[in-house]
Amino acid sequence: MIDKEVRNIAEALGDVRDGSTIMVGGFGSVGQPDALIEGLIAQGARDLTIIANNAGSGMTGLAKLMAAGHVRKIICSFPRSAGSTVFEELFSAGKLELEIVPQGTLAERIRAAGAGIPAFYTATTVGTRLAEGKETREFSGRTYVMERALHADVALIEAWRTDRMGNCIYRESGRNFNAVMAMAGDRTVVQSCGMVTLGMLDPETVVTPGIFVDQVVVVPTHAQINETAGGMC
Amino acid sequence: MIDKEVRNIAEALGDVRDGSTIMVGGFGSVGQPDALIEGLIAQGARDLTIIANNAGSGMTGLAKLMAAGHVRKIICSFPRSAGSTVFEELFSAGKLELEIVPQGTLAERIRAAGAGIPAFYTATTVGTRLAEGKETREFSGRTYVMERALHADVALIEAWRTDRMGNCIYRESGRNFNAVMAMAGDRTVVQSCGMVTLGMLDPETVVTPGIFVDQVVVVPTHAQINETAGGMC
Amino acid sequence: MSGFTPLSRKQIAARIAQDIPEGWYVNLGIGIPTLIADAIPEGREVILHSENGILGFGPAPDPDKIDPWLINAGKQHVTLRPGGSFFHHADSFAIIRGGHLDLCVLGAFEVSANGDLANWATSAQDSAPAVGGAMDLAVGTKRVWVATEHTTRDGKPKLVESCAYPLTAQGVVGRIYTNLAVIDVTEGRFVVREMVPGLSREDLQKQTGARLMFEEMEYA
Amino acid sequence: MSGFTPLSRKQIAARIAQDIPEGWYVNLGIGIPTLIADAIPEGREVILHSENGILGFGPAPDPDKIDPWLINAGKQHVTLRPGGSFFHHADSFAIIRGGHLDLCVLGAFEVSANGDLANWATSAQDSAPAVGGAMDLAVGTKRVWVATEHTTRDGKPKLVESCAYPLTAQGVVGRIYTNLAVIDVTEGRFVVREMVPGLSREDLQKQTGARLMFEEMEYA
């Protein structure tokens, strides 16, 4: 019987190696796999490249991972935001590499990796400093920049409900980068708010088919959710 | 009030011009917008380029459109199949141009058009005659072929349920090319099996958001559907 | 400079809302553009897109009905209107980059007379500016409108001959709504369409860093 | 050539099914590969993918329970197993081309000793062959196995030094299951792993268009 659930996060992340590239889903705090990030800090792998939409804020999650010195480079669209002090200190001290990628290009580069596309062209960044050093090319009289796929060794994802085969659904805006990153990790680990019996997920509504998922850890959320909006986790 | 429903097919297709590129959804007979194809025949536009997975079979649908002399070129993955006699006769008589595209490349080229990507690279066709004359390039030591986006002037789509804003869900394997082509038409016309009240489609399960849809024509299906599998259309 | 009242931020938003017809799919940036949502006339259906995977979001919920999973790209709690839908980030930016949105309204540090937009990096020296979805929106949307104060806080023009700030995109801005005027960007020129009552053409020109054209004004 | 019984098509399928472990995601081509679905041992969970947007499809339904919307890529009516899901064609081929399938099993006109596969165009002169998803599967899947008769109907070898038919993909085939043998493609050579009882190495070689290696046979 296929069963992708693992009992704890240490088991799921035990073999993450130094120098790995890690994708971390979420947008703001919504859909961010907090428990897996904590697990990554505990696991101790260093010299990591992190691919995420932002570079953390406050002193938890990605910020804590960076503060603990585990991150060599971050690839994101929104590095500096309210509360991104850890990032700013490390970056200005030269202790962190940064690659800024427009949010749409970031999402598309991740999808490309998942879809077997090594590179594609986009109009985003043309004529801006983010296109500096990049190859450009004209198609039908318009200039485009070539962008490369972004792979990860491990993708850390949050989902709303999963089954033992790893099928995932998300909740509202929690889908965000999670459903795309799930495709792009050599290994995809899901922090699930809840496991359901196989067959309970409507096959028409599965967003991430289990083929993209390697391991699932159930971490019930403690967030307050309005009951009319779908019940407690 | 937004209302994308039009009363009849003639209204939806009235302004299709000679020389247009038309996408036709479906895979086999499943999800094929038969009534819209009939409407296109009646409308009379000629010199069409058709983008579809196959080149029709029997004497209805695409085959009928081709037999009536409306098609100049067909772009598809599976031209010759059981019953594709109309295609074969026209093609061998030199009356029809053909571009054979692998099914995955076809789907991806269509998506690329919908996503603003003018070109991308793929490993599919490398070293085969379908790559002849195409640009190739190495990434990380592997050779890829460059493929261009496929746009359409009009995309003809079948959906299972729609609402007045054009949101669509599909039924089982009826999703196929429909959900991708919906993104790639300058105008997308949906043949819907049924209209539902706004708000009845679960926002988590909408596959084609209404932003991709311009017009909806309701054409209830007469297919026999097992009631346990979801009720009659 | 006297005898006129500049529009408030809310009034700029309301002015823009007037020009958005029913049925448009619109993305609203942070700042003044965000205020447009509440200014759309009751009953006019305009569908709002958010980069993080929403079409059809509505106003903030009552505080006791906040759903933590439902935020917009500005990280504000929102609601979903009937007919709304959720999708992932690649699909969301396919909507943006594929040219499917009718309009985005963005803030700006500077706009040049040829429609260049600078709204992401506060200086050429800033090595870690947050670009977010700004470049994708600016390049991918059918129409780009800018909502901004006419000048900076210290009175420097934001409408200029050529942008000094790092560009977000080249030649994309179609129209600018400021606290003083509505200005089209047409064939490399700023063409004034509308001014707040009592403001003279000379005064508006003084606060603008590039030549203004007045020939085609809709309201004197 | 005597004293042995070639496998039937169904037996080839059953032989392949033995080698597919639980948990694999598998796409089965038309012909012998299709027969594998019914040969997977009861209780072993193998998840079948279909190009037209299905993971987890199951056997044909009872005739009175046919659902016209549920077909596989071979246009056959199928069912969906618990845990199955539907998606569109671009997502379906992202699964294929992104390297997510563990295995595809395809038919072949020819396979060469370096793993080239020819299974789509019946001749170089054919100007309208149907490629379907064959090239995507051959290039994108983690493992490509071929299921085929060892020779054509008129006795010509299908395992050859170099393909005469137009290629589907270069160097992709990992293993070949025929009615006579199981043969790995390893470092540009055909390495025989298994033969039907009673068949001599010489007889197998005679029916094969390239040199066979026998050193590493698992069963004599």
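Structure's up top.
Below: a short report on this structure. This structure is a prediction, so every number in the text was calculated from the model and none was measured.

Topic: the overall build of chain C
Looking only at helices and strands, one finds five helices and 13 strands in chain C. At 17 Å, chain C has a C-alpha radius of gyration in line with the 17 Å of a compact globule built from 220 residues. Based on the C-alpha atoms only, the size of chain C along its principal axes is roughly 50 × 40 × 30 Å. Looking at chain C residue by residue over its 220 residues, the buried ones come to 60%.

Quick word on the interface of chain D and chain B
When the parts of a complex come together, some accessible area is lost, and that lost area is often taken as the interface size. Each partner contributes to the interface: chain D provides 41 residues, whereas chain B provides 48 residues. Taking both sides of the interface into account, the surface hidden between chain D and chain B amounts to around 3500 Å²; carbon and sulfur atoms contribute 61%. The largest share of the area that chain D buries against chain B comes from D:W69, D:H89 and D:R97, three residues that together contribute 23% of it. In this assembly, chain D and chain B are joined by two salt bridges. D:D67 is the salt-bridge partner of B:R171, the closest N and O atoms lying 3.1 Å from each other. At the junction of chain D and chain B, the tally comes to 18 residue pairs in polar contact (both at pLDDT 80 or more). Those elements that provide at least two residues to the side of chain D that touches chain B are α3 (89-97) and α4 (134-140) of chain D. Element by element, the count of residues in the side of chain D that touches chain B is highest for α3(D), at four residues.

Structural notes on the interface of chain C and chain A
Each side of the interface is counted separately: chain C has 41 residues, and chain A has 48 residues. Summing both partners gives a buried area of about 3500 Å² for chain C against chain A, and 61% of it is carried by carbon and sulfur. For chain C, the biggest contributors to the area lost against chain A are C:W69, C:H89 and C:R97; these three give 23% of the whole. Summed over the shared surface of chain C and chain A, the result is two salt bridges. Seen at the junction of chain C and chain A, the total is 18 residue pairs in polar contact (both at pLDDT 80 or more). Within the residue set of the side of chain C that touches chain A, elements represented by two or more residues are α3 (89-97) and α4 (134-140) of chain C. Among the elements that make up the side of chain C that touches chain A, the one with the highest residue count is α3(C) (four residues). Class assignment of the residues belonging to the side of chain C that touches chain A gives a composition of 23 nonpolar, 10 polar and eight charged.

Considering the nonpolar core
Note on soluble globular proteins: their nonpolar side chains tend to be buried together. Ranked by size, the top nonpolar core spans 163 residues in total, and within it A:I110, B:I110, C:F190 and D:F190 carry the most contacts. B:I37, B:A63, B:L65 and D:M135 belong to the second largest nonpolar core, which has 41 residues in total.

Digging into the packing of helix α1 (residues 9-18) of chain C against helix α2 (residues 32-39) of chain C
Working note: a packed helix pair is described by the angle between its axes plus the distance between those axes. Residues and elements named next belong to chain C. It is at 8 Å that the axes of α1 and α2 come closest, and there the two elements cross at 60°. As far as their axial angle goes, α2 and α1 are oblique. The handedness of the crossing between α1 and α2 comes out as right-handed. Where α1 abuts α2, its residues R9, K10, I12, A13, A14, I16 and A17 lie against I32, L35, I36 and A39.

How each quantity is defined
Residues numbered from 1 in each chain as written. Chains lettered and ligands numbered in written order. Predicted model: local features only at pLDDT ≥ 70, side-chain atom pairs only at ≥ 80, totals over all residues. Heavy atoms only, no water. Helix = DSSP H or I, 4+ residues; strand = E, 2+ residues; numbered from the N terminus. Rg over C-alpha atoms; globule rule 2.2 N^0.38 Å. Buried < 20%, exposed > 50% of the residue type's maximum accessible area, 1.4 Å probe, protein only. Contact = heavy atoms within 4.5 Å. Buried area = accessible area lost by both parts, 1.4 Å probe. Salt bridge = Lys/Arg side-chain N within 4 Å of Asp/Glu carboxyl O. Polar contact = N/O pair within 3.5 Å; in protein donor to acceptor, adjacent residues only side chain to side chain. Nonpolar A, V, L, I, M, F, W, Y, C, P; charged D, E, K, R; others polar. Core = buried A, V, L, I, M, F, W, Y, C linked by side-chain atoms within 4.5 Å. Axes fitted to C-alpha atoms, helices over the stretch in contact; angles between N-to-C directions. Parallel < 35°, antiparallel > 145°, perpendicular 65-115°, else oblique. Left-handed = near helix turned anticlockwise from the far one by under 90°.

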